[in-house]
Amino acid sequence: MDYLRTLGSAAVSSLVQKSGLNLPFSLGSKVSSFENRTIWSLYDATKRDDSSPVSVFEFEANTPAKRNVLPLAKNAVRKLRTIRHPDVLKFMDVVETDTSIHIMTERVRPLGPAIQEWQSKTAPEREAWLVWGLHRVSVALTFLNESASSTHGNVRVDSVFISSSGEWKLGGFDVLSNPKDDAAVLYTLGGTLPDATTYSAPEVKKGGYSALKELPPAAADGYGLGLLIHFAFNASHGLPATAQSPHPPPTAASRGAIPTSIFPAYKKLLNPNPKARLTPAHFLELGMSQTAGDGSGFFANNQLVKVCAGLDNFNLASEGEKASLLKTLKDSAASFPTEFASYRVLPALISALEFGGASAATILPLVLQFGKNVPPDDYPNVILTHLVKLYTSPDRGTRMALLDHLLEYADKLDKKTVVDKIWPNLQTGFTDTVALIREATVKSIILLSDKFNERIMNNDLLRHLARMQADPEASIRTNTCILIGRLGPSLGYNTKRKVLVPAFARALKDPFVHARVAGLMAFMATLDCFDIEDIATKVIPSMAFTMVDKEKLVRDQAFKAMELFMKKLEEHAATMPETAGPEIEIIPGSSLTLNGGSSNNTLVNSAAGAAGALAGWAISSIGKKLAAGDLQSQMASVGASIDRPTSAPAPLNAKLAVGAGTVGSGIPTASPAAFPLTPTFSSSGNVPTRSLTSTGGTTSKSKGMQLGATKVPTSASIPDWAEEAAAEIDTPRGSNPWGNDDLMDVNADEDDWSECSWYG
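Overview of the structure.

Criteria and thresholds
- Each chain has its residues counted from 1, running along the sequence as written.
- Confidence filtering applies because this is a predicted model: local features only for residues at pLDDT of at least 70, side-chain atom pairs given and counted only at 80 or more, and all residues used for totals across whole chains, interfaces and linings.
- Heavy atoms throughout the structure, all of them, feed into the side-chain values; hydrogens and water do not.
- Each helix is a run of H or I in the DSSP string that is no shorter than four residues. Each strand is a run of E no shorter than two, and both are numbered from the N terminus.
- Working definition: with a 1.4 Å probe on protein chains only, accessible area under 20% of the residue-type maximum means buried, over 50% means exposed, and in between means partly exposed.
- Should DSSP find at least two bridges between two strands, the strands are regarded as paired.
- Only the stretch in contact is used when a helix axis is fitted, and all axes are lines through C-alpha atoms; the angle between N-to-C directions ranges over 0 to 180 degrees.
- A side-chain nitrogen of Lys or Arg and a carboxyl oxygen of Asp or Glu constitute a salt bridge if their distance falls within 4 Å.
- Helix span, as expected, comes to 1.5 Å for every residue beyond the first.
- For a residue, the bend is simply the angle between two axes, fitted respectively to the seven-residue segment ending there and the seven-residue segment starting there.
- Whether two residues are in contact is decided by their heavy atoms: any pair within 4.5 Å suffices.
- Any pair of Phe, Tyr and Trp rings, taking the six-membered ring for Trp, is counted once the centres come within 6.5 Å. Such a pair is stacked with planes under 30 degrees apart, edge-to-face with planes over 60 apart, and tilted for the rest.
- Whether a charge lies above a ring is judged from NZ of Lys or CZ of Arg, which has to be within 6 Å of the ring centre and within 35 degrees of the ring normal.

**Quick notes on the overall build of the protein chain**
Item 1. Along its length, the protein chain carries 29 helices and twelve strands.
Item 2. Relative to its full complement of 760 residues, the protein chain shows a buried share of 44%.

This is the structure we're talking about:
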C-alpha cells in the first residue's frame, strides 16, 4: 500500500488494484502549471525498468464532461503512437482502460512556464531562443500537413513542450485528423476542446469545425501558428485585435516584441481569408530563404537553427563547413541555453569525436567545455564513458588532446576506471616514437597517480620512468626527475630507499643543466623520505660534487641543498649521546689527551689548529705507551716469575743481546750498523722504522728498555684501521670509492618542491 500512496493518482491506484497490471512507470509529482489547461494532467515520472526520467499524461473520465471528450483522448493516443518525427513528442508506452488513459513519453515540461522563465534573459537571447523554437514547430506542422495530409487543429502554447535537450516538441494531438479518415474527430468534436473558440480560425467561428473539411489541411494550422507567435513574444498580452471580428490586419503598434523580420510573415499567417493565408510550410520556406528580400531569412540567420542544422549534417559536411561550425560553437558556447548545450550539442560532438567526424584536437576541448554544465551524477555516463574509449585509439592527435586536457576531467575518474581502462593504454605513450607524446605522458602521471594501485605505483610505473631518465630529449629527462620527486612521498618505504637516491643522483650527472638542478631540488623536496643514516651515507655524498659544478645555477642550488641536509644532521646529532662507550683499552693510570692536556672534546676551528692538535695527540699517546712499556720491562726484570700481561705482544724466539754502547743511565743500545731498517707498513712516504736485533755473543739476564726487544711480526703489529688506510691509499687515482654502478630511482613532492615546475 505504500507503493500505491507514492503513485500520486487515484486513477492509477484504482487501476492497479482492479486490473493487477504491472505499470511501466512510477508516478512522481504533478506539474501544477499544466493543470486544467487541457483535458490532460501531466506528471513527472520514472521508467520502471531503467529508472530513466519520463513524463506521463493522464486522462480520467470520472465526470460527465470528461466522458464527453474521451474520444479526443483516444485519438491522441492513436495519432501519437503512429506519427514519429524528431520534432513531435516522443511516445513510449500507454496504459488504457475504459475510463482512463496514461501515456508515457520522453521527459518534457510545458512551454508556457518556460517562456516566463526566459523573460529574465536579455532580449537578443530570448529572441534567438523563441525563433529557434518556432522553427522546430514549423517543421513539425509542415510534416503533419504535407507528409501526413492532416490538420493538427490545436496549435497553441499548451500543445508545445520543452524536452530535456531544450528543444520544442509538438504535442496536443487530441483533434489531429485527416479529412479522408472516417474516424476523424476534428470536424465533429473540435469544439469540445478547452478554449476552442478563443484559438479557432475566423472560418471556424463562422462555419464551425466542419468547414475545415473542405479547406487545405494547413489552413487552420497556419492561423494557429500566427497566434502561437503572438503569445510566444507577447506572453503577457491578450489576443491580438485581428482575432476578433471583423479581423483587421495587425498594425505596427500591435507588434510588441515580435521581431521586425518575422512581422510581415506573421501578418500573412493571420489573414482571415484561409485561401490567401500563409501556410506553415510557406512560413518555413520564407524563414530559411535568404534571397526573398525583406521579411525572409529569419530562420536561416538564427544561430541556434544554424547550429542544429550543422550538427545534423556534420558527418556529410566538408572540412571547411566543419571548421566553421566548430568555430561558431566555440565562440557562442556561453550564449547557448544550458539544456541545449548539454543534451543537444554535446551528444552530437561526442558522436563526431567517437566516429572520427573531425579532428579530436578541435572537438575534445568543446566536449569538455559543454560538459561543464552536465550535472555531476550524469557526467560519468555523458562524458567520461566516451573519453575513456578514446584512449584505445591509435591516433596520436586524439591521444595528445586527451592528455592536454586531462586536468579538466582527471578528478572525476574513479580508481577502477584508471587502473583497468586508462593505464593499459596510457603506458604505451612512454615508448612512443614521437617525443611530444612521451613528454605529455610523463606530465599526465601526476594527475592520475592517486588512483594507481600498489603494483602500478611501485613497479610498472617506475620501470617506465627508469627508461625515461635515459631519453634522448633533455626536457623529458628533466620532467621525469621532477615527476619522481613529486611521487616520492607516495611510494612504499622500501621503494623509497631503493629508488630515490639513485634516481636523483643519476639526474645530477645529466649533461643538461636544468636536469641537474631538478635533481637537487628533488632531493630537497623528499627530505623527509630519507632515514638519517641514508642522509649521511648516501644523500650528501651523492650531492657533494655538484658544489663545484661548472654552472653557477647548479652550484647555488647545491649549497642550498647541502645546507638543508646538514641542518637536519646537526639537529639529529644534537640528540645523540656524547659517546657510545670505550672502544679501546686504556692503560690504568694513563689518559689520552690532545695538545698535551686539553680535553678530547675540544674542537678546533682552522686547518692549522687541527694539524697541531693531531700532532700533539700522536706525540703524547706514543710517549705514554712507551712509559708503560718501560714500566713493564723493569717489573719483568726484577721478578722473573711474574706473568706477562696478556695485553703485551708475544715474545720472539730471537735472543736479545747487550750492545756495545749505552744510552742514559746504563741502558744498553745497539749499534746502528747492526740493525737493518724494516718498513712497518706500506705508505706513500715509505717511512721505515728501525728493527733492532742482537749480534753479540753474550746475553744479559737483566733486560733494559730496548726498541725491538719484544718485536712481533709485521703483520701482527698493523692495526685494522691502518690496513684499511693502506688499501685506500693504494687505490688507483680516478676510481670511485662509492662504486661505479649507475644509480636509478624515482619520486618527491614537498618543501622547496613548489619552486620546481615542469620543464619545457
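**Section: the sheet that holds strand β4 (residues 91-96)**
Item 1. A sheet is described by the order of its strands in space; here five strands give the open sequence β1-β2-β3-β5-β4, paired in antiparallel fashion. For this open sheet the edge positions go to β1 (25-30) and β4, each flanked by a neighbour on one side alone. Pairs of neighbouring strands in the sheet enclose a mean axial angle of 30°, with direction left out of account.
Item 2. The pairing of strand β3 (residues 53-60) with strand β5 (residues 100-106) spans seven bridges and is classified as antiparallel. Across the sheet, Phe59 pairs through a bridge with Ile101, a residue of β5.

**Details of the pattern of salt bridges**
Item 1. Enumeration according to the criterion identifies 27 salt bridges in this entry.
Item 2. The closest approach of N and O atoms between Glu35 and Lys30, which form a salt bridge, is 3.7 Å.
Item 3. Among the ionic contacts, a cluster of salt bridges with common partners joins Arg497, Asp531, Asp534 and Lys538.

**Some remarks on helix α21 (residues 454-468)**
Item 1. In this model, α21 (15 residues) spans 20 Å end to end at C-alpha, consistent with the 21 Å of a helix rising 1.5 Å per residue.
Item 2. At Leu462, α21 shows its strongest bend, of approximately 40°.
Item 3. Taken together, the buried positions of α21 are occupied by Ile456, Met457, Asn458, Asp460, Leu461, Leu462, His464, Leu465 and Met468.
Item 4. The inward-facing, buried residues of α21 contact α19 (415-426), α20 (435-448), α22 (474-487) and α23 (493-508).

**Focus on the packing of aromatic side chains**
Within a pair of aromatic rings, the relevant descriptors are the distance that separates the centres and the angle that separates the planes.
Item 1. Overall, the coordinates contain 20 aromatic pairs when judged by the stated rule.
Item 2. Consider the rings of Trp132 and Phe340, whose centres lie 4.9 Å apart with planes at 75°: the pair is edge-to-face. Here the residue Trp132 occupies a position in helix α6 (residues 123-147), and Phe340 occupies one in helix α15 (residues 338-354), the gap between them amounting to 208 residues.
Item 3. The exposure class of Trp132 is buried, given its relative accessible area of 1%.
Item 4. Of the aromatic side chains, those joined through ring pairs into one cluster are Trp132, Phe336, Phe340 and Phe370.
Item 5. Over the aromatic face of Trp118 sits the side chain of Lys121, whose NZ or CZ is 5.4 Å from the ring centroid.
Item 6. Between Lys412 and the ring centre of Tyr379, over which it is positioned, the NZ or CZ distance is 5.1 Å.

**Some thoughts on the sheet that holds strand β7 (residues 160-163)**
Item 1. With antiparallel pairing, three strands are arranged side by side in an open sheet as β6-β7-β8. Looking at strand neighbours, the two that pair on one side only are β6 (108-110) and β8 (168-170), the edges of this open sheet. With direction set aside, neighbouring strand axes in the sheet form an average angle of 45°.
Item 2. Relative to β8, β7 is paired through three bridges, and the arrangement is antiparallel. The partner of Val160 across the bridge, within β8, is Leu170.
Item 3. Helix-sheet contacts for α6 involve β7 and β8, and the interaxial angle to β8 is about 25°.

Purely geometric stuff here, so don't read any function into it on its own.
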